[in-house]
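# Tertiary structure, described
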Number of protein chains: 2
Amino acid sequence: MVIKEYVTYNQVHKLCQEAAPRILQDFQPQLMIAIGGGGYVPARILRSFLKQPGAPNIPIQAIGLSLYEDLPSTTPSGLSTPGGEVEAPGTKVTRTQWLDLTSLGEMENLVGKRILIVDEVDDTRTTLEYAVKELEKDVEIASQKLGFKGEKTIFSIFVLHNKNKEKKGTLPEDMLRDHRYLAARTVEDVWICYPWEAKDIDAHDELAKTQAVGS
Amino acid sequence: MVIKEYVTYNQVHKLCQEAAPRILQDFQPQLMIAIGGGGYVPARILRSFLKQPGAPNIPIQAIGLSLYEDLPSTTPSGLSTPGGEVEAPGTKVTRTQWLDLTSLGEMENLVGKRILIVDEVDDTRTTLEYAVKELEKDVEIASQKLGFKGEKTIFSIFVLHNKNKEKKGTLPEDMLRDHRYLAARTVEDVWICYPWEAKDIDAHDELAKTQAVGS
């Protein structure tokens, strides 16, 4: 039986609120990259809590990534396709949107910036691995174009929930070592029901309440 | 005194739920364009309610637009700047992100598609005017490149709230005439407090509840 965990909007809101001081202190992000669709809501909420008096909002760029569990693989693993897709055993990430560097103004190059990647859940880690690797590639290209070295771009990650399970994807060692990965909650390998997927939000909230009492 | 109207997450959720059948029936969108940051949350919720059994999710592209009320204008009105900004009397819209057409796959050209633009509020209408005009320009360029005529791209708009006030921006006549503009609620010119901006979400919900009883 798959255990379901129901999360209310207000719980999501409070998870972001709770994480914000540490994000501000440790990551000091200059740009958020929201992985859509799940990252849209936490990223928007986080923006409110990361806002500093007198400073502008931290800009958000949304990227769209879809994870498909493949049918038994017929292509070599690790193969990159022209469409920007990466095949890995059993999984495939497809881009539906990527960065728009032309609109970022002085953020136009990501080089030397502190960037917070936001998603709702770290399940198999496949999507996060893809996001970090592809963003690092973009930074590398931009860095070469600019012809300077030494400006290190710092990626950090915030997710609402990290599932305590074996991961298919990996994140850079230094990111984990330097604690630039923050999950508001670590949970077992349960089915997390986010409120934006609820067909009946009142029933959803009731189920969440029952859980809170029972746990 | 500015009247504040507090809206809870669950109310936002239900506004999207309520609007979804009409959007499916009348607009039949093939792509959503979420105007960030305010459009992120309703767009993500809407996606759940627009999902048809057996069909993939409707893709969302996020664009980022910021509206600044100008200081007394020192530039001619209507002036377009290289950065993609448009100056209008008293207002300025700045792009922080635009479409990523390269990742849209078969949606690569917007030509001939039905596109739903999503934002949280229609206040002065300046942002929506900018979005529609700029998207229409993109479609026009794409249409010319493709060298065919007759494939009409249909834009529609969904907002949670439309403020009943004099608008600075205008929308295409045919969009309004053909009812391709849907506001879940039309409200007076009040200050709408969305939940994702709340510093204290419990207090926010209490204020929303008090309003509901009082109204």
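In the nomenclature of an unreviewed UniProt entry, chain A is known as Hypoxanthine guanine phosphoribosyltransferase of Venustampulla echinocandica.

### Thoughts on the pairing of strand β6 (residues 114-122) of chain A
Residue and element names in this part refer to chain A. Of all nine residues in β6, eight are buried, a share of seventy percent or more. The pairing of strand β2 (residues 31-36) with β6 spans four bridges and is parallel. Within the sheet, the bridge partner assigned to I33 lies in β6 and is I117. Two strands pair when backbone bridges link them, and β6 and strand β7 (residues 154-163) are joined in this way by eight bridges, in the parallel orientation. Of the residues in β7, the one forming a bridge with R114 is I154.

### Observations concerning helix α3 (residues 126-146) of chain B
Here α3(B) spans 30 Å end to end across 21 residues, near enough to the 30 Å set by a 1.5 Å rise per residue. Three or more residues of α3(B) are buried, namely B:T126, B:T127, B:L128, B:E129, B:Y130, B:A131, B:V132, B:E134, B:L135, B:V139, B:A142 and B:S143.

### Some details on the pattern of salt bridges
Tallying each qualifying case throughout the model produces 32 salt bridges over all chains. One salt bridge connects B:D26 with B:R22, and the closest N-O pair in it is separated by 3.1 Å. Remark: B:R22 and B:D26 occur in helix α1 (residues 9-27); sequence separation between them is four residues, near one turn of the helix. For B:R22, a relative accessible area of 30% translates into the label partly exposed. The network of salt bridges with common partners includes A:D123, A:K163, A:K165 and A:D189.

### Section: the packing of aromatic side chains
On inspection of all chains with the given rule, the structure shows eight aromatic pairs over all chains. Arranged with centres 5.2 Å apart and planes meeting at 5°, the rings of A:Y9 and B:Y9 form a pair that is stacked. Taken together, the residues A:Y9 in helix α1 (residues 9-27) and B:Y9 in helix α1 connect one chain to another. Take A:Y9 and B:Y9: they sit in the same class, and that class is buried. Between B:Y9 and B:W196 the ring centres are 6.4 Å apart and the planes differ by 50°, which places this aromatic pair in the tilted class.

### Here we look at the side chain of B:T126
For B:T126, the position within the fold is in helix α3. Looking at B:T126, its side chain comes within polar contact range of the side chain of B:T124, at 2.8 Å.

### A closer look at the nonpolar core
Counting residues in each nonpolar core, the largest one holds 70 residues, and the members touching the most others are A:L46, A:F158, B:L46 and B:F158. Contacts of A:L46, omitting those with residues within four sequence positions, involve A:C16, A:A20, A:I23, A:M32, A:L116, A:V118 and A:F158.

### Some words on the interface of chain B and chain A
At the junction of the two partners, chain B supplies 33 residues and chain A supplies 33 residues. Roughly 3,100 Å² is buried in total at the junction of chain B and chain A, and carbon and sulfur atoms are behind 47% of that figure. Three residues stand out in chain B for area buried against chain A, namely B:Y9, B:Y40 and B:R44, and they jointly supply 20% of the buried area on that side. Close ionic contact of A:K14 with B:D202 constitutes a salt bridge, the shortest N to O distance being 2.8 Å. Along the contact surface separating chain B from chain A lie 22 residue pairs in polar contact (both at pLDDT 80 or more). Elements that contribute at least two residues to the side of chain B that touches chain A include exactly α1, α2 (40-50), β3 (60-69), β5 (91-97) and α5 (201-214) of chain B. For the side of chain B that touches chain A, the element with the highest residue contribution is α2(B), accounting for seven residues. The residue makeup of the side of chain B that touches chain A, split by class, is 14 nonpolar, ten polar and nine charged.

### Quick word on the relation of the copies chain B and chain A
Two copies of a chain can be linked by a rotation about an axis combined with a shift along that same axis. Screw-axis analysis of chain B against chain A gives a translation of 0.0 Å along the axis, an RMSD of 0.0 Å, and a rotation angle of 180°. Here the symmetry operator amounts to a two-fold rotation axis. Taken together, the interface assignments show that 100% of the residues at the interface of chain B recur at the interface of chain A, consistent with an identical surface on both copies.

### Describing the packing of α1(A) against α1(B)
Where α1(A) meets α1(B), the closest approach of the two axes is 9 Å, and the angle between their N-to-C directions is 125°. Classified by the interaxial angle, the pair formed by α1(A) and α1(B) is oblique. Across the interface between the two elements, A:Y9, A:N10 and A:H13 of α1(A) pack against B:Y9, B:N10 and B:H13 of α1(B). Its residues placed into classes, the contact of α1(A) with α1(B) shows two nonpolar, four polar and no charged.

### A look at unusual backbone geometry
The peptide bond linking A:G36 to A:G37 adopts the cis configuration, its omega dihedral lying at -5°. In this fold, A:G37 is placed in the loop between β2 and α2 (40-50). Positive phi values are uncommon outside glycine, yet A:H179 reaches one of about 55°. What makes A:H179 exposed here is its relative accessible area of 55%. Of note in the backbone geometry, B:R125 takes a positive phi value of approximately 75° without being a glycine. By the secondary structure assignment, B:R125 is in the loop between β6 (114-122) and α3. B:R125 sits in the buried class, given a relative accessible area of 13%.

Procedures and definitions
For every chain, the first residue of its written sequence is number 1, and the numbers climb from 1 along that sequence. For this description, chains carry letters from A and ligands carry numbers from 1, given in the order in which they are written. Selection of residues for local features in this predicted model requires a pLDDT of at least 70, selection of side-chain atom pairs for listing and counting requires 80 or more, and totals for whole chains, interfaces and linings are taken over all residues. To obtain the side-chain values, all non-hydrogen atoms of the structure were included, while hydrogens and water were left out. Classification of residues uses two cut-offs on accessible area relative to the type maximum, computed with a 1.4 Å probe and protein chains only: under 20% is buried, over 50% is exposed, and between them is partly exposed. Going along the chain from the N terminus, every DSSP run of H or I of four or more residues is numbered as a helix, and every run of E of two or more is numbered as a strand. Think of it this way: DSSP has to see at least two bridges between two strands before they count as a pair. Here the expected length of a helix is defined as 1.5 Å per residue gap, with one fewer gap than residues. Basic side-chain nitrogens of Lys or Arg form a salt bridge, by our definition, when they fall within 4 Å of a carboxyl oxygen of Asp or Glu. For Phe, Tyr and Trp, rings pair up if their centres lie within 6.5 Å, where Trp contributes its six-membered ring, and each pair is then called stacked (planes under 30 degrees apart), edge-to-face (over 60) or tilted (otherwise). Within 3.5 Å is the distance limit for a polar contact, defined as a pair of N or O atoms, with the added protein rule that one can donate a hydrogen and the other accept it, and that residues adjacent in sequence qualify only through two side-chain atoms. Only buried residues count toward a nonpolar core, which is a set of Ala, Val, Leu, Ile, Met, Phe, Trp, Tyr and Cys residues joined through side-chain atoms within 4.5 Å. Note on definitions: a residue-residue contact is assigned when non-hydrogen atoms from the two residues lie within 4.5 Å. The term buried area means the drop in 1.4 Å probe accessible area that two parts suffer when joined, counted for both and summed. Ten residue types, Ala, Val, Leu, Ile, Met, Phe, Trp, Tyr, Cys and Pro, are classed as nonpolar, four, Asp, Glu, Lys and Arg, as charged, and the remainder, Gly among them, as polar. Copy-to-copy alignment: least squares on C-alpha atoms, limited to residues at pLDDT 70 or above in both. For helices, the axis comes from a line fit to the C-alpha atoms of the stretch in contact; other axes are also lines fit to C-alpha atoms, and the angle between any two N-to-C directions lies between 0 and 180 degrees. Working rule for angles: under 35 degrees goes down as roughly parallel, over 145 as roughly antiparallel, 65 to 115 as roughly perpendicular, anything else as oblique.

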